[in-house]
Amino acid sequence: MLWTEIVTAVLLGLGILFSLTGSLGLLRFPDFYSRLHAAGKTDSLAQALILGGLLFVSPDWGVSARLVLIAVLLLFTAPTATHAITKAARLDGLAPWTRLNPKEESKEDAKP
Amino acid sequence: MSEVLLVDSVLLFLVTVCAVAIIEVRSLYAVAMLSSVYSLLMALVWTNMHSMDVAFTEAAVGGGISTILLIGTLVHTRRDERPAKRRLHIPALVVTLLTGAALIYGTFDMPRFGDPNATIHHYRVPEMMSQTVAAASGREGKQQPPEGYDPPPRMTPTAAQWAGAVHAIDQAEDALEKAQQNAPGEAHHGGEGEHHEGAHKHPVDDFNGHVPNSVTSLLAAYRGFDTMFETTVIFTAGMALIMLLRRRREEGEDDFSQKGAALSGQVILRVMTKMFIPFILVFGFYVITHGEIGPGGGFQGGVILATAFILYALLYGRNALYRIIRPRTLEILAACGVLLYAGVGVACMLLGGNFLDYAALNTASPGDGEAMGMTLVEYGVGITVCTVMIIIFNQLAEEPSKAKAS
């Protein structure tokens, strides 16, 4: 096994791990904002790790360049999308969940 | 179970889940987003089948612009679906079941995926390989099929023959893999080169002069009339929407100098938009121009270009967009795209060929003529698609309350 393949396997594994934690957070966190936090943060990191892992097994420079471009594009757009969604929710008047005010969860879940 | 089948099964399962969710979910915003997810999943299925052009179109049109347009439509309707009475409608159920059964029965006649004996490998492609559009008018430049190509007769294999053929293909693939492992330097340079070196499994795609992407060559030359009228259909749809939704502009509304208040507080979004619009535009033009070489073409490129304009209109207000392109200019450009397509056809006729016989554009080198004609035609498609998408978005985004008042 080449060392590049080992690096790829490790990076892909890490990426999948972060995707998994992101999905778990999306399901388990109490309210809209923390769920989006889980999804947004891990998405940016997981895609960077996965694409970085693929970089080590790319057959030529053209493919590598494209992988880097995709990673950079996603690093810019994913946080922007998260920001836009969060800001829209905030402007819409959705209050964040706190321990003192845990009613938000039921309100959030009541919405289809 | 092969990997392709496994991935396909997972994807198709997700597609089914998506479809059921679209039926069940009440919130129409969720439905719009789910239909976008549905399209992206289908794009992955097409990618898995190596039909890149279809995947590209599905992602750009289904996943991208239709979601925007669906959400734009929601401005004019309610946010939630009206709760329907849940009652079993027996005749409707019977009709649906019969249609479904007929469709499934129809698929039994289709060849298996990847079947080397499929009709396409015996009936159309060999014929196309031995002809170009120029051949119809009997000029030079007819491209012969590759040396030693002998179209095999159509045959129906028995089960044993079929299994044998599959086994033979597997063995050949193993041998090819081994050969590539033995010569790693060569294998890494493979990809495109392989297809021309004789190691290809499919017939060479380059049957239409200098246009390597057989899909573009099919769409723009072989069935150029279809594509022309598809463009006309899109143009007509845009015009129909203008007639349906346009309201009379009020006094003073025609000067677009005043700033719209749209999303003026969104600093981050505005900065990102300004950063990315140039790249989106370059990518759109690349996709249109590159359509004859790789996946892409006028439809996908036009949609990508339209996205840049729509993004600008979303973040800076429609007046800002109208300061760049007047509504009138958009309408004229939409007509110009169709005109460019048909004009190329007429130019071919004036130069002595048939309608849309691109080889007539360059008699010295018919292949180059075809490449040029197809690029021009793709630009015609791209201009029409782009402008019509912007027009549809603008018409949908008009404030409905004002429309009622006037």
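Note that the coordinates shown come from a computational prediction; the quantities given were computed from them, not determined experimentally.

1. Examining the overall build of chain A
So, point 1. Summing up its helical and strand segments, chain A has four helices and zero strands in all.
So, point 2. Going residue by residue from the N terminus, the α and β elements of chain A occur as α-α-α-α.
So, point 3. Counting only residues that meet the buried cut, chain A has 28% of its 112 residues in that class.
So, point 4. The contacts in chain A between residues at least 6 apart in sequence include a share of 65% that link residues at least 24 apart.
So, point 5. Element-wise, carbon and sulfur atoms account for 72% of the exposed surface of chain A, whose accessible area totals about 7500 Å².

2. So, the nonpolar core
Residue and element names in this part refer to chain B.
So, point 1. Judged by nonpolar contacts, the single largest core of 39 residues is most densely connected at Ile65, Leu69, Tyr341, Tyr358 and Val385.
So, point 2. The set of elements that each furnish at least two residues to this core consists of helix H3 (52-74), helix H10 (214-222), helix H11 (224-245), helix H13 (298-316), helix H15 (327-350) and helix H16 (366-397).
So, point 3. Considering every element that reaches this core, the biggest residue donor is H16, with 12 residues.
So, point 4. Both domains that furnish three or more residues to this core are identified here as domain 1 (3-82) and domain 3 (214-405).
So, point 5. Counting residues in each nonpolar core, the second largest holds seven residues, with Leu11, Leu41, Met42 and Val45 among its members.

3. Observations concerning the packing of aromatic side chains
So, point 1. For the coordinates displayed, the defined rule picks out 10 aromatic pairs over all chains.
So, point 2. Between the aromatic rings of Phe283 of chain B and Tyr286 of chain B, the centroid separation amounts to 6.3 Å while the plane-to-plane angle is 20°, which identifies the pairing as stacked. One end of the pair is Phe283 of chain B and the other is Tyr286 of chain B, both in helix H12 (residues 267-289) and three residues apart, which spans about a single turn.
So, point 3. By relative accessible area, Phe283 of chain B is classed as partly exposed at 40%.
So, point 4. Residue classification places Tyr286 of chain B among the partly exposed residues on the basis of a relative accessible area of 45%.
So, point 5. Here a set of aromatic residues connected by ring pairs shows up, and it is made of Phe76 of chain A together with Phe276 and Phe279 of chain B.

4. Brief notes about the pattern of salt bridges
Residue and element names in this part refer to chain B.
So, point 1. One pass over the full model with this rule turns up three salt bridges over all chains.
So, point 2. Taking the shortest distance from any N to any O, the salt bridge between Arg223 and Asp226 comes out at 3.7 Å.
So, point 3. Among the ionic pairs, Glu230 bridges to Arg223, the shortest N-O distance being 2.9 Å.
So, point 4. In the salt-bridge network here, residues are joined through shared partners; they are Arg223, Asp226 and Glu230.

5. Section: the interface of chain A and chain B
So, point 1. Facing nine residues of chain A, the contacting portion of chain B comprises eight residues.
So, point 2. For the pair chain A and chain B, the two sides together bury roughly 810 Å², of which 72% comes from carbon and sulfur.
So, point 3. Here chain A is connected to chain B by zero salt bridges.
So, point 4. Scanning the region where chain A abuts chain B turns up zero residue pairs in polar contact (both at pLDDT 80 or more).

6. Some remarks on the confidence of the model for chain B
One rule of thumb: low pLDDT means the predicted coordinates there are not for detailed reading.
Residue and element names in this part refer to chain B.
So, point 1. Summary statistics for chain B give a mean pLDDT of 78 and a share of 75% for residues scoring 70 or more.
So, point 2. Long-range and interchain partners of residues 185-209, a stretch whose pLDDT sits below 50, account for 34 contacts in this model, where long-range means more than four residues apart.
So, point 3. Confidence drops under a pLDDT of 50 for residues 401-406, and excluding neighbours within four residues, the segment shows five contacts in the predicted structure.
So, point 4. In the predicted complex, the global pTM is 0.75; the interface-specific ipTM is 0.80.

Quick notes on the rules
- Residues numbered from 1 in each chain as written.
- Chains lettered and ligands numbered in written order.
- Predicted model: local features only at pLDDT ≥ 70, side-chain atom pairs only at ≥ 80, totals over all residues.
- Heavy atoms only, no water.
- Helix = DSSP H or I, 4+ residues; strand = E, 2+ residues; numbered from the N terminus.
- Buried < 20%, exposed > 50% of the residue type's maximum accessible area, 1.4 Å probe, protein only.
- Contact = heavy atoms within 4.5 Å.
- Areas by Shrake-Rupley, 256 points an atom, 1.4 Å probe, with all protein chains shown as cover.
- Core = buried A, V, L, I, M, F, W, Y, C linked by side-chain atoms within 4.5 Å.
- Domains from an automatic or database assignment.
- Phe/Tyr/Trp six-rings, centres within 6.5 Å; stacked < 30°, edge-to-face > 60°.
- Salt bridge = Lys/Arg side-chain N within 4 Å of Asp/Glu carboxyl O.
- Buried area = accessible area lost by both parts, 1.4 Å probe.
- Polar contact = N/O pair within 3.5 Å; in protein donor to acceptor, adjacent residues only side chain to side chain.
- pLDDT = per-residue confidence, 0-100.

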